[in-house]
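So you can see what is in the structure, the chains are spelled out below.
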Amino acid sequence: YCIYSEATYCAYSKKDTVKFNTSPSSYDDGDVEPFLTGELLDGNTTEKCPSTNNCYALWQEDYNNKNATVFIAQGCWSAAELDCKEDACISTKKPQKAVNNTTTKFCCCKGNMCNVNVSDGFFPPEENEAPPRFVEHASFNPINIVFITVACVIIVLVPIIGFLIYRACSTSQKPSPDSVHLMEPPLPPSPVFNIDNLTICESIGRGRYGRVFRGTLFNQSVAVKIFSSQHRQNYLNERYIYCLPSMDHDSIPKLLGAEERTGPDERPEYLLVLSYAPQGCLQDFLTNNIIDWGTFCKMAKTITEGLAHLHMEIRKD
């Protein structure tokens, strides 16, 4: 191609069978012939553009052979809707149609003979590529965070503090038996009781505050409950209860005497001498024996009589 000055020159070519619009949205089908706006030179291979600096190219590519490029039309381009500022003719639009494994592409450029060489700059997006997703993060006000934190702490602490207060009040209202100090009552009348007349034979049980032995007092079997020195208050409480007038009942063990003595370890011991139950512990008896219906009814009667007597209301005049 020859390059001329004082005007813009574009490569020119045209297929007679092609029609197209001046709009780039439809290249190969329309009702306007490729318009000739300038003078054709060099055997109709160059077009001189009188009033524009833009050139265009319309070509086809084969899907199977990218190097097989066939120009449909080239020349000066004066369509106002296209902004052709680049000095290279590059197609950036999506191809409009595909017929017989071919695609038609269009490009425009600015400058002398800029449409001699063309290239495809359109890259379709990947089919499996998902569009980016933007997650909006909620904005938190620092004051709101402080209020929420304080509220959570209060919700957790209030039940705990309430439970501790309730437990403290319950404990103060219901003291344990170990903390109850009763007035020491006088010893029950037992003029014949003497510690020297008591003989301890064998251990028959153990309680929370002491051990229980079988003994003899004037050749009569008795139960002896021995408290250690650290359980003196429990000994006093139990002795006081047995000395109450309302404790005199056939279904309740009778207190025969109470005494303090020095144990084998040189520490004080406290003794309660009670009437002896030859059948032993009720739980052990029921575990080791099978009783008939009559015996069962008799045992139930005496037990309920003793419980009823213990729960009897005492009125003082």
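Right above here is the structure, for reference.
Residues numbered from 1 in each chain as written. Predicted model: local features only at pLDDT ≥ 70, side-chain atom pairs only at ≥ 80, totals over all residues. Heavy atoms only, no water.

(A) Representation of the overall build of the protein chain. Counting its secondary structure elements, the protein chain contains four helices and 15 strands. When burial is assessed residue by residue, the protein chain has 27% of its 317 residues classed as buried. When contacts within the protein chain are restricted to residue pairs at least 6 apart in sequence, long-range pairs at least 24 apart make up 61% of them. Accessible area for the protein chain stands at about 22,500 Å²; split by element, carbon and sulfur atoms hold 55% of it. (Helix = DSSP H or I, 4+ residues; strand = E, 2+ residues; numbered from the N terminus. Buried < 20%, exposed > 50% of the residue type's maximum accessible area, 1.4 Å probe, protein only. Contact = heavy atoms within 4.5 Å. Areas by Shrake-Rupley, 256 points an atom, 1.4 Å probe, with all protein chains shown as cover.)

(B) The packing of aromatic side chains, seen in detail. Under the criterion given, the structure shown has six aromatic pairs. Every member of this aromatic cluster is reached through a ring pair, and the members are Tyr-56, Trp-77 and Phe-106. (Phe/Tyr/Trp six-rings, centres within 6.5 Å; stacked < 30°, edge-to-face > 60°.)

(C) Local environment of the pattern of salt bridges. Under the defined criterion, the tally for this structure stands at five salt bridges. The closest approach of N and O atoms between Glu-238 and Lys-225, which form a salt bridge, is 3.2 Å. With a gap of 13 residues between them, Glu-238 in helix α2 (residues 232-242) and Lys-225 in strand β13 (residues 220-227) connect regions that are remote in the sequence. A single burial state applies to Glu-238 and to Lys-225, both of which are buried. Across the pair Glu-305 and Lys-301 runs a salt bridge, and its minimum N-O distance is 2.5 Å. (Salt bridge = Lys/Arg side-chain N within 4 Å of Asp/Glu carboxyl O.)

(D) Structural view of the sheet that holds strand β15 (residues 268-275). Sheet architecture is open: five strands sit in the order β11-β12-β13-β15-β14, paired in antiparallel fashion. Whereas interior strands pair on both sides, the edge strands pair on one side only; in this sheet they are β11 (198-206) and β14 (255-262). Across the sheet, the mean angle from the axis of one strand to that of its neighbour is 30°, orientation sign disregarded. In the sheet, β14 pairs with β15 via seven bridges, with the strands oriented antiparallel. Bridging from a neighbouring strand, Glu-259 pairs with Leu-271 of β15. (Pairing = 2+ DSSP bridges. Axes fitted to C-alpha atoms, helices over the stretch in contact; angles between N-to-C directions.)

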